[in-house]
Amino acid sequence: MPEHSSPIAGALLDAYDTRIPVDPPSESEPELTVARAYELQLQQVDHWVSQGRVIKGHKVGLTSAAMQRQLGVDQPDYGHLFGDMFHLESMPIDTAAFISPKVEPEIAFVLDRDLSGPGVTVVDALRAVGYLLPALEIIDSRIRDWRITLPDTIADNASSGGVVLGSRPVALSGIDLRLTGCVLSSGGQAVTTGAGAAVLGSPINALVWLANTLGPLGVTLAAGSVILPGSLTTAVPVAGGSTVTASFSGIGSVTACFAADGEGRQ
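For clarity, every value in this text was computed on a predicted model and none was experimentally measured. (Residues numbered from 1 in each chain as written. Predicted model: local features only at pLDDT ≥ 70, side-chain atom pairs only at ≥ 80, totals over all residues. Heavy atoms only, no water.)

Moving on, we get to unusual backbone geometry. With an omega of 5°, the peptide bond running from G117 to P118 counts as cis. Of note in the backbone geometry, D145 takes a positive phi value of approximately 60° without being a glycine. Its location among the elements puts D145 in the loop between strand 5 (129-139) and helix 6 (150-155). D145 sits in the exposed class, given a relative accessible area of 66%. (Helix = DSSP H or I, 4+ residues; strand = E, 2+ residues; numbered from the N terminus. Buried < 20%, exposed > 50% of the residue type's maximum accessible area, 1.4 Å probe, protein only.)

Going through the model one piece at a time under the given rule, you end up with ten salt bridges. Notably, a salt bridge pairs R36 with E29, separated by 3.3 Å at the nearest N-O pair. For E29, a relative accessible area of 23% corresponds to the partly exposed category. D176 is the partner of R178 in a salt bridge, and the nearest nitrogen-oxygen pair spans 2.7 Å. Relative accessible area serves as the criterion here: at 29%, D176 is assigned to the partly exposed category. Connected via shared salt-bridge partners are D23, E27, R144 and R147. (Salt bridge = Lys/Arg side-chain N within 4 Å of Asp/Glu carboxyl O.)

Right, let's talk about the pairing of strand 6 (residues 160-165) for a bit. Of all the six residues making up strand 6, six are buried; the element is thus mostly covered by neighbouring parts of the structure. By the bridge criterion, five bridges tie strand 5 to strand 6 in an arrangement that is antiparallel. Looking at strand 6, one finds that A135 is bridged to L165. (Pairing = 2+ DSSP bridges.)

Once that is clear, we can look at the pairing of strand 4 (residues 102-111). Taking burial as the measure, the ten residues of strand 4 include nine buried ones, the bulk of the element. Bridge count between strand 4 and strand 5: ten bridges; the pairing is antiparallel. Within strand 5, the residue paired with I107 across the bridge is P134. Here strand 4 runs beside strand 10 (residues 236-237); their pairing, made up of two bridges, is antiparallel. Counted as the bridge partner of K102 is P237 from strand 10. Bridge count between strand 4 and strand 9 (residues 226-228): two bridges; the pairing is antiparallel. Paired with V110 across the two strands is V226, which belongs to strand 9.

These figures come from the coordinates and say nothing about function on their own.
Written out as structure tokens, the structure is:
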């Protein structure tokens, strides 16, 4: 266990290495609060940074009303995105690198100027966005059977796993993110659909929330950061050999290819 990490943070870090999930932190620490859960997340982030990993952005989760109702919460959460979590569309992704992966379609914001709260407005957020990219977030849980409460998923870096970005940037101007539709397909068959309004009414609202939440903690969303604002649909489980595509009206599509079991392993 890394120095200065709690046993919970140490167990979660071990789960990344062993691919063996752990029991929910809220079971071993019944009074686990949101604030304490973020402390546990940051203990892991500090360890990863000390190992040379580089923060490339943030993700916002629990932005849909359905997911908030499911977990009995009234707020989103956030996690950190590291450079080694980004996968190319053309390269097969090894599912053995995850425990129980699922994918979600998201409209990624790439910032071209710093954004720092508190006091960030929608206008500030819109001005900070350089362009959009279609994205698929791979979510995963180091917690057994996805048996999570809000503090559990926060402690587990908001159930982050990986990111696949499309390669054609699209200007935000002229696009109504609330009305942007999405079709998520697996193996060439449409699985589920959604729209930008599912993400806090509009994905830009998630960016505002993130900047104003991180600002008082001394964190600025830096130019060049990738921000995943939340899923337009429900998450879809993936396995080796899966091919998943998210198609967004006016933005384009992105495809994640998962290597067949046994391929691409050392």
